[in-house]
Structure formats: C-alpha cells, structure tokens
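So you can see what is in the structure, the chains are spelled out below.
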Amino acid sequence: MARAGPLTLTSLALEKSLHEKFIRDEDERPNLAYDQFSSQIPLISLSGIDDECNKRKELCKRIAQACEDWGIFQVIDHGIDLKLVNDMTRLAREFFDLPDEEKLRFDMSGGRKGGFIVSSHLQGEVVQDWREIVTYFTYPIKGRDYSLWPDKPEAWRAVTETYSSQLMCLGCKLLGILSEAMGLEREALTKACLNMDQKVVVNFYPKCPQPNLTLGLKRHSDPGLITLLFQDNVGGLQATRDGGKSWITVQPVEGAFVVNLGDFAHYLSNGRFKNADHRAVVNSNTNRMSIATFQNPSPEAIVYPLKIGDDGKPIIEKPITYGEMYKRKMAKDIELAKLKKLAKEQKLQEEVVNNVEDHHLNNGKTK
Ligand SMILES: O=C(O)CCC(=O)C(=O)O
Ligand SMILES: [Fe+2]
C-alpha cells in the first residue's frame, strides 16, 4: 500500500519549506536566535548541598533569589553521573533516528499513557509544535506500563529507569532547599505532593526548513512543582519575565541541568517563586534534543499556599486539587486557542469585505 507522505517530523525536516500546520501567527514567532545566548539565568553549584553548615544556608539563599527573579536556574555539581546522562541522550538519539514505522509502534496519540508522539498539541489548536517526543510515566512505580516504553535501542529501558530514579533524588533534594527557603521543614514540599509523580519527556527538535516561522514548543509554564531539564549544546530554550515582550536564550552549560519551577510551586509559595514562562525555538542547522523530567504532585494533592506572610493574602481563593488545577489550565488554554482561531477568521473575513469594497470603489472611479 502506498504511504500517504511523511509521517514524522524527521521526514518533514527534509522538505524545502515548512508545512502550513507549523506556521505561527506573527505575534508568536521567535524574534531571538537559538544561539544568541544570555548568561542572566543563575548558574549554581550544588556542592555542599548535603552539608549541614553555612554552605547549605548560602545555597538556599541563592536558589531562593533565582526562584524569585526568574523561576529558573542551572545547576552543576549535582551528583548525577555524566556517563548516565550521556548514555540517556545517545540512546534517545538512536531512537529518533529509527525509521518512522519503528517509532510509530509506540504511538501514544490514541490516548495511551506514554510512548512516541509527533508535535502533541491541544484540542482546538491549529498550529503545531516542531518537535517529536517520547514520554515515560516513571513514578509512581506501580503506575509504570513497560509495554509503552520503547524496546529499541535495547539498552534504553534500563538506562531510563536508572535516570528516572537518580533524578527523583535530585528533585527531592532541591525541594528540601526550597522548603527551607520558605521557612518550612525540609520535607514540606515533598509531603505536599502526597505521592510524588514523575514524567520523563524526551524532546527531539529536528532541524527545520524555516525556523523563523515556527516554534519547537510554544510559550508555557510547566504545571507541576519542579522540572529538571537536560539540554544538549545546541541551544533553543528561551525564557521571558515580562509576559513574552522580551526573551532570553538560556546558555547551554555542559553537564548542567536547567531547573525551572511550575505552577504548583508558584501557588504553594504564595506567588513568591515564579512559574517560569518558557518556550523552545528551532534552527535550520542542526537537530536539538532535551530531556525534561517533571516532578509533579499526585492529582489529589492540594493546591494552596503553604505559608502566607503576616499581612499577606492567599493568591488563590480556596484550595483545589492538583487534578482540578490541571483541568482548568488545559480548559483555559483550549479557550484561548479557540478565541485566537475565531479572531483570525474574523480578521480574514474583514479583509475579504474590505477588498470587495475597495474593488467596488475603484471600479466606480474608473467608470
Ligand atoms: O526543550 C526545551 O528546551 C524545553 C522543554 C520544555 O519546556 C518542556 O518539555 O516542557
Ligand atoms: Fe516546559
């Protein structure tokens, strides 16, 4: 049977121009190059994190400051074995290099909880992201469905298991620091998650024929508590602090993890810590890969500030569950996408009416 054209982005990347479904409206297109780096995001060494001494206190201060300013920082000396990270990225690359058919054996678009997907996008959203993804639901362990974990390359499953457990440890250490920075007991944020969830998402951004017209991943904040992102040395992660008016490209640092805070952390800190607004841009020179590990609360966890200053007010009216918060976030995004689509259609319609009127006027003049 003949195949109906390219199925994955890796195949579409070979075409000369960008398929229409990836072309963003002008106001969403990137205005800053993937490799125009900024060093504004703090780079923090975690050495001394386990010492009960001044070093930990100092670290706590620096991390809290970064979370107040940006909601993003990078960490080195984090204790994760670099060989493990290199194995993880090498095997992931080998997976994305497989023929379409092999990758699509793990297609998760039918609602499967984990696997491979091309440019996932929201219901009702017209424009798609320029990325391919493999998602692993890694914690709680009893929720793992190994049949959805790619079986090629062969070693990838075992490496992902080790990677996920080591990142769970690092995530919890950082949550300990953040809890202390909030003036709470070390376990406060971990406990607030009830039974912590973890999801590992491997993002692959093939080189793109017209990168200025599209995004690898559109602007968003992560919904959960904390995300640990490993990116290769290409560059493409961008952050904004002013609602998207200006952006910076995060400088890739060899062996570092980018840590960013999500909505749950923002609410639990009563708005003190930023839920970092970020996106990924792509380029026409080279493929890019990043591995995002999301540490999230369980759906039943309560979203409400853990501490409110003496004269402060809670930034949310009443406690809701994380599951409900997530549902509302998705519903809002879908609503925005719908409104945007409607506005675009109306604008097009107005343009047609104006053109017809101009045409009549001009015809009238020449008669
Ligand atoms: O690839 C990147 O740099 C960003 C990935 C990201 O933000 C995500 O997966 O949520
Ligand atoms: Fe993200």
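Everything numeric here is computed off the predicted structure, so don't read it as measured data.

A. Structural context of the packing of aromatic side chains. Applying the stated criterion to the full structure yields twelve aromatic pairs. On the numbers, 5.0 Å between centres and 80° between planes, the contact of Phe22 with Trp130 is edge-to-face. Of this pair, Phe22 sits in the loop between helix H1 (9-12) and strand S1 (37-38) while Trp130 sits in the loop between strand S4 (115-118) and strand S5 (132-139); the two residues are 108 residues apart in sequence, bridging distant segments of the chain. One exposure class covers both Phe22 and Trp130, and it is buried. What links up through ring pairs into an aromatic cluster is the set Phe95, Phe96, Phe116, Tyr136, Tyr146, Trp149, Trp156 and Phe204. Directly above the ring of Tyr139 sits Arg144, whose terminal nitrogen or CZ lies 5.2 Å from the centroid.

B. Molecular detail of the pattern of salt bridges. For the structure shown, the criterion picks out 24 salt bridges. Between Lys173 and Asp50 there is a salt bridge whose closest N-O contact spans 3.2 Å. A residue pair is termed long-range when its members are at least 10 positions apart, and Lys173 in helix H5 (residues 156-181) and Asp50 in the loop between strand S2 (43-45) and helix H2 (54-69) qualify at 123 residues. With relative accessibility at 33%, the residue Lys173 sits in the partly exposed group. Asp277 is the partner of Arg219 in a salt bridge, and the nearest nitrogen-oxygen pair spans 3.1 Å. One end of the pair, Arg219, is in strand S7 (residues 217-220); the other, Asp277, is in strand S12 (residues 277-280), with 58 residues separating them in the sequence. Each of Arg24, Asp25, Asp27, Glu28, Asp129, Lys340 and Lys344 takes part in salt bridges that share partners, so that together they form one network.

C. Inspection of the side chain of Glu132 at higher detail. Tracing the chain through its elements places Glu132 in strand S5. Among the polar contacts made by the side chain of Glu132, one reaches the side chain of Thr8 at a distance of 3.3 Å. At 2.8 Å, the side chain of Glu132 forms a polar contact with the backbone nitrogen of Leu9. Sequence-distant contacts of Glu132, that is, excluding residues within four places in its chain, are made with Thr8, Leu9, Thr10, Phe96, Lys103, Phe116, Ile117, Ser119, Val202, Asn203 and Phe204.

D. Local environment of the site of ligand 1. If you check the shell around ligand 1, you find 13 residues, and the closest are Asn203, Tyr205, His278, Arg288 and Ser290. Between an oxygen atom of ligand 1 and a side-chain N or O atom of His220, the distance comes to 3.2 Å. At a separation of 2.8 Å, an oxygen atom of ligand 1 approaches a polar side-chain atom of Arg288. Protein contacts shield 96% of the accessible area of ligand 1, which totals 300 Å² for the unbound molecule. Counting only elements with at least two residues in the shell around ligand 1, the list comes to strand S6 (197-205), S7 and strand S13 (288-296). Broken down by class, the residue content of the shell around ligand 1 amounts to six nonpolar, four polar and three charged.

E. Seen up close, the coordination of the iron ion (ligand 2). Around the iron ion (ligand 2), the protein supplies His220 (NE2), Asp222 (OD) and His278 (NE2) as donor atoms, at distances of 2.1 to 2.3 Å. Exposure remark for His220: the relative accessible area of 21% places this residue in the partly exposed category.

F. Spotlight on the pairing of S12. Taking every second residue as pointing to the same face, both faces of S12 are buried, with Asp277 and Arg279 on one and His278 and Ala280 on the other. As paired elements, S7 and S12 share two bridges and run antiparallel to each other. Each residue of the ladder has a partner; that of Leu217, found in S12, is Ala280. Judged from the four bridges that link them, strand S9 (residues 237-240) and S12 form a sheet pairing that is antiparallel. Opposite Leu237, over in S12, you have Ala280 as the bridge partner.

The rules we used
Residues numbered from 1 in each chain as written. Chains lettered and ligands numbered in written order. Predicted model: local features only at pLDDT ≥ 70, side-chain atom pairs only at ≥ 80, totals over all residues. Heavy atoms only, no water. Phe/Tyr/Trp six-rings, centres within 6.5 Å; stacked < 30°, edge-to-face > 60°. Helix = DSSP H or I, 4+ residues; strand = E, 2+ residues; numbered from the N terminus. Buried < 20%, exposed > 50% of the residue type's maximum accessible area, 1.4 Å probe, protein only. Lys NZ or Arg CZ within 6 Å of the ring centre and 35° of its normal. Salt bridge = Lys/Arg side-chain N within 4 Å of Asp/Glu carboxyl O. Polar contact = N/O pair within 3.5 Å; in protein donor to acceptor, adjacent residues only side chain to side chain. Contact = heavy atoms within 4.5 Å. Near = heavy atom within 4 Å. Areas by Shrake-Rupley, 256 points an atom, 1.4 Å probe, with all protein chains shown as cover. Nonpolar A, V, L, I, M, F, W, Y, C, P; charged D, E, K, R; others polar. Donors = N, O, S within 2.8 Å, 3.2 Å for Na, K, Ca; no water. Pairing = 2+ DSSP bridges.

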